[in-house]
Amino acid sequence: AAGVIQSPRHLIKEKRETATLKCYPIPRHDTVYWYQQGPGQDPQFLISFYEKMQSDKGSIPDRFSAQQFSDYHSELNMSSLELGDSALYFCASSYQGSYGYTFGSGTRLTVV
Amino acid sequence: ELKVEQNPLFLSMQEGKNYTIYCNYSTTSDRLYWYRQDPGKSLESLFVLLSNGAVKQEGRLMASLDTKARLSTLHITAAVHDLSATYFCGGATNKLIFGTGTLLAVQP
């Protein structure tokens, strides 16, 4: 069965650089969620999109932005990267009216 | 805003022993989730509990939900080393909010 695809799997950036993470949800899933997980931490909700519109916003820094495109894939754009942005970034997708959240394999971002 | 707490944060178990992880949540949650995460890996769905009194079992793991007490439990029976991982519970209204996680280490 198709899963949630995230790219890249690993990313190394320098401070003050920008990064773009991509997420391809399960086909026919209409909602995408982004989470940030620091070392030894629980995943923190960043932002979500339903039918290409932002549906909820969590603890996402102003330096980050995201969008969902017409094919339902989503991108998380991160600018002016800081050392503290180093984390695992997960994307999850779901279908409105269902109960499951399926997570991708994550992108490990390292800021040096 | 929904808050989810787990205890214990760390659990060292011997193989063959039983133990329970507790998950408390602060406000009404439509449903309760349990996930497993191996180091550096993704979150694997274990259980979704939808209603008061719900009980689900898979192998050595059993999850239950008491919505009146705002409490879910994950019971581990006769632990084996393969169960070593971090376990997260999560509550959801329009998004999934995770608990603090329980790092489970099963010792031979």
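Computed from a predicted model, the values in this text were never measured in an experiment.

Q: Looking at this model, I keep getting lost on the interface of chain B and chain A. Mind explaining?
A: By a widely used convention, the size of an interface equals the accessible area lost when the partners come together. Counting residues at the interface gives 18 residues for chain B, matched by 17 residues for chain A. Here chain B packs against chain A, burying approximately 1500 Å² in sum over the two surfaces, 57% of which is carbon and sulfur. Across the chain B-chain A interface, the total number found is one salt bridge. Asp56(A) is the salt-bridge partner of Lys95(B), the closest N and O atoms lying 2.8 Å from each other. The interface formed by chain B and chain A holds seven residue pairs in polar contact (both at pLDDT 80 or more) in total. Counting residues per element, the ones that place at least two in the side of chain B that touches chain A are β4 (31-37), β5 (43-49), β9 (85-92) and β10 (96-98) of chain B.

Q: Explain the sheet that holds strand β7 (residues 61-66) of chain B here, please?
A: The strands that make up a sheet are held in pairs by hydrogen bonds between backbone atoms, and each pair lies either parallel or antiparallel. All names here are of chain B. Taken together, five strands build an open sheet; the order of strands is β1-β3-β8-β7-β6 and the sheet is antiparallel. Because the sheet does not close on itself, it has two edges, and the strands there are β1 (4-7) and β6 (55-58). For this sheet, the mean inter-axis angle between neighbouring strands, taken without regard to orientation, is 15 degrees.

Cut-offs and rules
- Residues numbered from 1 in each chain as written.
- Chains lettered and ligands numbered in written order.
- Predicted model: local features only at pLDDT ≥ 70, side-chain atom pairs only at ≥ 80, totals over all residues.
- Heavy atoms only, no water.
- Contact = heavy atoms within 4.5 Å.
- Buried area = accessible area lost by both parts, 1.4 Å probe.
- Salt bridge = Lys/Arg side-chain N within 4 Å of Asp/Glu carboxyl O.
- Polar contact = N/O pair within 3.5 Å; in protein donor to acceptor, adjacent residues only side chain to side chain.
- Helix = DSSP H or I, 4+ residues; strand = E, 2+ residues; numbered from the N terminus.
- Pairing = 2+ DSSP bridges.
- Axes fitted to C-alpha atoms, helices over the stretch in contact; angles between N-to-C directions.

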